[in-house]
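# Tertiary structure, described
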Amino acid sequence: MQVQDIMTSNPTCCDPDTSIQEAAALMAEKSVGSIPVLNDAGEPVGIVTDRDICCGAVAQGKTVETPVSEIMSNDLLTVSAGDDVESCCNKMEEKQVRRSVVTDESGKCCGVVAQADVAREASGAETAELVEEVSQPKKKSGCC
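Residues numbered from 1 in each chain as written. Predicted model: local features only at pLDDT ≥ 70, side-chain atom pairs only at ≥ 80, totals over all residues. Heavy atoms only, no water.

This part is about the layout of surface pockets. Estimated volume of the second largest pocket: approximately 270 Å³. Along the wall of the second largest pocket there are 15 residues; nearest its centre are Thr8, Val32, Gly33, Ser34 and Val112. Mapped onto the lining of the second largest pocket, the elements with two or more residues apiece are strand S2 (34-38), strand S6 (109-114) and helix H5 (115-121). For the lining of the second largest pocket, a count of residues per class yields five nonpolar, five polar and five charged. (1 Å grid on protein atoms, 1.4 Å probe; cavity = no way out; pocket = protein on both sides within 12 Å on 5 of 7 lines; lining within 4 Å. Points joined across faces, edges and corners; volume = space filled by probe spheres on them. Helix = DSSP H or I, 4+ residues; strand = E, 2+ residues; numbered from the N terminus. Nonpolar A, V, L, I, M, F, W, Y, C, P; charged D, E, K, R; others polar.)

Structure representation (structure tokens):
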């Protein structure tokens, strides 16, 4: 099974200058917890989550006009639509993320695959492993 078989196609997206209020309204309207942030060419440059807005913006006293570029995650995971689901899950486990932006052959955003998509479509063992690995405390780098 390939990522394109389980992903959400044509996800709601925004650009880096979108305000956090606009992003939150889009999330509420579309009932999603994250929105890919795309440059003018349609390539993903980040992802903004409801947690970024709550814990990153509100907790820091940012205004509703704050652009998502100030709070988004820049270190996003991308996978190709043609990747197999197992490979995608392995990457999500390694980075400990619950979602990945899916790109087409030209590097443009064409979808999102989330932990919930895997749970609905993949094997029970694959789903259990993904949930377990993503839910582990973040791995610390360094020697100590």
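Taken in spatial order, the four strands of this open sheet run S1-S6-S5-S4, and their pairing is mixed. Looking along the sheet, the strands with just one partner apiece sit at the ends: strand S1 (8-9) and strand S4 (78-80). As defined by bridge partners, strand S5 (residues 99-103) adjoins S6 across five bridges and the pair is classed as antiparallel. Looking at S6, one finds that threonine 103 is bridged to cysteine 109. Contacts from helix H4 (residues 85-95) reach S4, S5 and S6, with the element oriented near 70 degrees to S6. (Pairing = 2+ DSSP bridges. Contact = heavy atoms within 4.5 Å. Axes fitted to C-alpha atoms, helices over the stretch in contact; angles between N-to-C directions.)

Attention shifts here to the pairing of S6. Every other side chain in a regular strand lies on the same face of the sheet, so the side chains alternate between the two faces. Within S6, six of the six residues are buried, leaving the element largely enclosed by the surrounding structure. Here S1 pairs with S6 via two bridges, running antiparallel. Looking at the pairing, serine 9 lines up with glycine 111 of S6. Counting the residues in the hairpin turn of S5 and S6 gives five residues, including glycine 107, whose phi is positive at 85 degrees. (Buried < 20%, exposed > 50% of the residue type's maximum accessible area, 1.4 Å probe, protein only.)

Just distances and angles here, no functional claims.
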